[in-house]
Amino acid sequence: MASGLPILTTEFGTKRIEDKSLFFGGRTLSDVKFFDYREYPKKLNLGCGFDIKDGYLNIDFQDYHQPDLVADVTELKMLPNNYYEEIVAQDVLEHIEREKTESVLIRWGELLRVGGKLYLRVPSIIDLAELLKKNQDPMFHKELVQCLFGTQHYTGDYHYTGFTKPLIHYYLYLAGFQVLDIKNKDEWLFEVFAKKISSAVLPKKLVFSTENYNASPFIVYGVSFPEKGFSWTDGVESCIFGTSDFDQKSIKITISILATFEKQKIKVLCNDNEVYSGIMDKQSSITFTCKNIGHIEIKFLLPDALAPCDLSPSINADKRKLALAISEILFQ
Ligand SMILES: C[S@@+](CC[C@H](N)C(=O)[O-])C[C@H]1O[C@@H](n2cnc3c(N)ncnc32)[C@H](O)[C@@H]1O
């Protein structure tokens, strides 16, 4: 695409104007055709930079990268919802203000059709910290600090945020995605592959302890990060929610508990019905049946949740109010 052509900015976004006569042929702004997405593929390369991909609509807000569309990827009002098959956003999300991460992913989710794929590449804060610890050479640290904060050569080239696996799961869950894979790249980046689902569909078994922590997209609140073989309910109320896609009218649910701090009073509600009330003190499981109404919401009420530091303040600084260590929830 030729450079140096005028740019048209409208409420629907910004478009490179190929035909100068549109501006100079005496036409008014309202005569000018807006961006016609139908002329481009159903795949988006957001914040494309110089990485212009064939078979994609390449979008960047910096004109000098010569994208197909000059636009802010946080808005994209000129593009249709539920239409795109794939979105690639490599090294982009960290260039957008931290407070917008959620709304931007929600917007990208709107653009994708159900089943559409999302490929993200973002910096991993923890891996960068590990690398910094490993080698004390200041030149190496200089490079890593650049990875953390961006090259800072131009507007849009600054990093405003960073990522961890739990954050990726959390943001993508909120935006209606299921995380299918998170890989490390070059020791400091995450490559994330996710699929748009209309809402979170529960797997047959939620496992709290795996590398991928596959329960996390279903945790609404009050469950801590995974530890070795379990996850703690954290606080006096915890909630897990997901859409159920089973055919049967009712679902048998078994919750396996590995441990508690002392004896814990517990009440479990499933879709607002009390399904268990009692006291737990160590390895145990509870089984109940609930009516399948298209979604499953499991709430744990734990009035006496204790922090490890309440039990032994001298040896334990853990202030989280933990009650039950859950290893898995099975749906049958
Ligand atoms: C580090 S580059 C990545 C380029 C490319 N994706 C790649 O993998 O090589 C980040 C790009 O995102 C663009 N960018 C940052 N914020 C943007 C925004 N809000 N809207 C559109 N583009 C943005 C920048 O102009 C830049 O080209």
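This text follows the structure it describes.
All values derive from a computational prediction rather than experimental measurement.

Student: How should the site of the ligand be read in this particular structure?
Tutor: Near the ligand, the surroundings consist of 17 residues, among which Gly47, Gly49, Phe61, Gln90 and Gly156 are the closest. When the residues that make up the shell around the ligand are grouped by side-chain class, the tally is five nonpolar, eight polar and four charged.

Student: How should the pairing of strand β14 (residues 237-243) be read in this particular structure?
Tutor: Along any regular strand the residues' side chains alternate between the sheet's two faces. The alternating pattern of β14 places Ser238, Ile240 and Gly242 on a buried face and Glu237, Cys239, Phe241 and Thr243 on a face that is not buried. Across two bridges, strand β11 (residues 219-221) lies against β14 in antiparallel orientation. Its bridge partner being in β14, Ile219 is matched across the sheet by Ile240. Sheet analysis places β14 next to strand β19 (residues 295-301), joined by seven bridges and oriented antiparallel. Counterpart to Phe241 in the pairing with β19 is Glu297.

Student: Which parts of the structure should I look at to understand unusual backbone geometry?
Tutor: Note on backbone geometry: most residues besides glycine have negative phi, and most peptide bonds are trans. You will see that Asn82, though not glycine, has its phi angle at about 50 degrees, which is positive. Mapped onto the secondary structure, Asn82 falls in the loop between β5 (69-70) and β6 (84-90).

Reading guide: rules and limits
Every residue gets a number counted from 1 within its own chain, in the order that chain's sequence is written. Restriction of local features to residues with pLDDT of at least 70 applies here, the model being predicted, together with a cutoff of 80 or more for giving and counting side-chain atom pairs; totals for whole chains, interfaces and linings are based on all residues. We call a residue near a molecule or strand when the C-beta position, derived from backbone atoms, sits within 6 Å of it. Under the convention adopted here, Pro, Cys and the residues Ala, Val, Leu, Ile, Met, Phe, Trp and Tyr are nonpolar, Asp, Glu, Lys and Arg are charged, and Gly plus all remaining residues are polar. In this scheme every C-beta is placed from the backbone, and a residue whose C-beta has 20 or more other C-beta atoms within 10 Å is buried, one with 12 or fewer is exposed, and one in between is partly exposed. Starting at the N terminus, helices and strands are each numbered in turn, a helix being any DSSP run of H or I of at least four residues and a strand any DSSP run of E of at least two. Two strands are counted as paired when DSSP detects at least two bridges linking them.

Spatial relationships are all this shows, so hold off on functional conclusions.
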